Amino acid sequence: MRYRSGSPFQNARLLTAALALAALAGAMPGHADEKQAKDLLKAMSDYMAAQEAMSFEYDTSLEVVTKKHQKLALASSGTVTLNRPDKIRITRQGGFANVEMVFDGKTLSVLGKDANLFAQTEVPGTIDHLIDALRDKFHRPLPAGDILMSQPYDELMPHVVDVKDLGSGVIRGEECDHLAFRTDDGVDWQIWIAQGQSPYPCRYVVTSTKVAGFPQYTIDIRSWKAGSDAAAGNFSFKAPDGAKERKLSDLPDTDELPEIFSVK
């Protein structure tokens, strides 16, 4: 069989060769300064914690692995506007949902724009409390929520057992420090942190090592603004005309994994 130039088959062969070289490189001495990596992550955490206001746009890729071991990637994009300690607005548009979430320190409002359905529930407290409640109470974890909390370092590091400083990487023209971490609970994660006076996370990748196929979740952050440069936030919610209210548990396709991909 002949491989066409640029075909998936040829690309797979190139990827296999690249992975083999990467495996060899992993055995060679290089940027493995654990203390420096931790210091860079702590500096990012301190910078994020110090920002009373921030806004950015993002792109995500959520990988799922089918029962037949085919890996699929679901792409979406959106915006985040955040005012500490207790206000956040998030939008996300993908192939299966067009969602807006607003939190004003007391009430969480979630709108499914295409379905014109919304839900509201009382969640008084901080953004940290909201992220915990979404994960533990409502079973709708906010992807990459750890890096939005008031102390990202404390959220990310407890289960880490291996740390690597992989040197520099460039994302959308931004030179970043590339760090890699392994945990004792089946999760690997990488982060690319912008160099300079604004060390925000440019990319965050989480890999599930206990799931067949090692699916990944990736978020790329762009158009980063903080402090007085951040976009003005509107954290009030008004349901659109004709919108029908549902319980949050009955609101379809509002997280990043649509119902059609759920395991039955």
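Residues numbered from 1 in each chain as written. Predicted model: local features only at pLDDT ≥ 70, side-chain atom pairs only at ≥ 80, totals over all residues. Heavy atoms only, no water.

Asks: Explain the overall build of the protein to me, using residue names and the numbers behind them.
Replies: The number of helices and strands found in the protein is four helices and twelve strands. Here the protein holds 264 residues, and 41% of them are scored as buried. Residue pairs in contact within the protein that sit at least 24 positions apart in sequence constitute 50% of those at least 6 positions apart. For the protein, the accessible surface area stands at approximately 14,900 Å², while carbon and sulfur atoms represent 52% of it. (Helix = DSSP H or I, 4+ residues; strand = E, 2+ residues; numbered from the N terminus. Buried < 20%, exposed > 50% of the residue type's maximum accessible area, 1.4 Å probe, protein only. Contact = heavy atoms within 4.5 Å. Areas by Shrake-Rupley, 256 points an atom, 1.4 Å probe, with all protein chains shown as cover.)

Asks: Mind laying out the environment of Val80, listing which residues take part and the relevant values?
Replies: For Val80, the location among the structural elements is in strand β2 (residues 71-83). For the pair Val80 and Gly233, spaced 153 residues apart in sequence, the C-alpha separation works out to 9.5 Å. Apart from residues no more than four positions distant in its own chain, Val80 is found in contact with Met54, Ser55, Phe56, Tyr58, Ile88, Arg89 and Ile90.

Asks: With reference to specific residues and values, describe the sheet that holds strand β6 (residues 117-122).
Replies: The twelve strands are arranged β7-β8-β9-β10-β11-β1-β2-β3-β4-β5-β6-β12 in an open sheet whose pairing can be described as mixed. Two strands bound the open sheet, and with one partner strand each, they are β7 (160-171) and β12 (244-245). With five bridges joining them, strand β10 (residues 201-208) and strand β11 (residues 216-226) adopt antiparallel strand pairing. Bridging across to β11, Tyr204 finds its partner in Ile219. The sheet contacts of helix α2 (residues 34-50) involve β1 (53-65), β7, β8 (174-183), β9 (187-194), β10 and β11, and relative to β7 the element is tilted by about 70°. (Pairing = 2+ DSSP bridges. Axes fitted to C-alpha atoms, helices over the stretch in contact; angles between N-to-C directions.)

Asks: A description of the packing of aromatic side chains should follow, citing residues and the corresponding values.
Replies: The way to describe two aromatic rings as a pair is by their centre distance and the angle between their planes. The full count for this structure, using the stated rule, is six aromatic pairs. Geometrically, the ring pair formed by Phe181 and Trp189 is stacked, given 4.0 Å between the ring centres and 10° between the ring planes. By relative accessible area, which is 1% here, Phe181 ends up buried. Feature note: the residues Tyr47, Phe56, Tyr200 and Trp224 constitute an aromatic cluster, connected by ring pairs. A cation over a ring is seen here: Arg203 above Trp192, with NZ or CZ 5.5 Å from the ring centre. (Phe/Tyr/Trp six-rings, centres within 6.5 Å; stacked < 30°, edge-to-face > 60°. Lys NZ or Arg CZ within 6 Å of the ring centre and 35° of its normal.)

Asks: Any details on unusual backbone geometry? Residues and values, ideally.
Replies: With omega at 10°, the peptide bond leading from Arg84 into Pro85 counts as cis. Notably, His139 is not glycine yet its phi reads approximately 55°, a positive angle. Structurally, the position occupied by His139 is in the loop between α3 (127-136) and α4 (152-156). Since its relative accessible area comes to 60%, His139 is described here as exposed. The phi angle at Phe214 is positive, at roughly 50°, despite the residue not being glycine.

Asks: Go over the environment of Thr91 with me, naming the residues and quoting the values.
Replies: The topology assignment puts Thr91 in strand β3 (residues 87-94). Only 2.7 Å separates the side chain of Thr91 from the side chain of Thr79, close enough to count as a polar contact. (Polar contact = N/O pair within 3.5 Å; in protein donor to acceptor, adjacent residues only side chain to side chain.)

Asks: For the pattern of salt bridges, give the residues involved together with the corresponding values.
Replies: In the structure shown here, the tally under the stated rule is 14 salt bridges. The residue Lys35 makes a salt bridge to Asp39 at a minimum N-O spacing of 2.8 Å. Of the two residues, Lys35 and Asp39 are both situated in helix α2; the distance of four residues between them amounts to about one turn of the helix. The class for Lys35 is exposed, based on a relative accessible area of 58%. Between Lys164 and Asp162 there is a salt bridge; the shortest N-O distance is 2.7 Å. The exposure class assigned to Asp162 is partly exposed, which follows from its relative accessible area of 27%. (Salt bridge = Lys/Arg side-chain N within 4 Å of Asp/Glu carboxyl O.)

Asks: Would you mind going over empty space enclosed by the protein in detail, with residue names and values included?
Replies: A water-sized probe, rolled over the atoms, reveals where empty space remains. Considering all chains together, one arrives at one cavity of 30 Å³ or more under this definition. Considered as a void within the structure, the largest cavity measures approximately 390 Å³ in volume. Along the walls of the largest cavity sit 26 residues, with Ile90, Arg92, Met101, Leu142 and Pro143 positioned nearest its centre. Among the secondary structure elements, those contributing two or more residues to the lining of the largest cavity are β1, β3, β4 (98-103) and β11. Its residues assigned to classes, the lining of the largest cavity comprises 18 nonpolar, three polar and five charged. (1 Å grid on protein atoms, 1.4 Å probe; cavity = no way out; pocket = protein on both sides within 12 Å on 5 of 7 lines; lining within 4 Å. Points joined across faces, edges and corners; volume = space filled by probe spheres on them. Nonpolar A, V, L, I, M, F, W, Y, C, P; charged D, E, K, R; others polar.)

Asks: Give a detailed account of α3, specifying residues and quantitative values.
Replies: Taken together, the buried positions of α3 are occupied by Ile127, Asp128, Leu130, Ile131, Ala133 and Leu134. Those residues of α3 that are buried are in contact with β2, β3, β4 and β5 (107-112). Between the side-chain oxygen at the start of α3 and the backbone nitrogen of Asp128 there is a gap of 3.3 Å, and the oxygen is on Thr126.

Without other data, these values stay purely geometric and don't point to any function.
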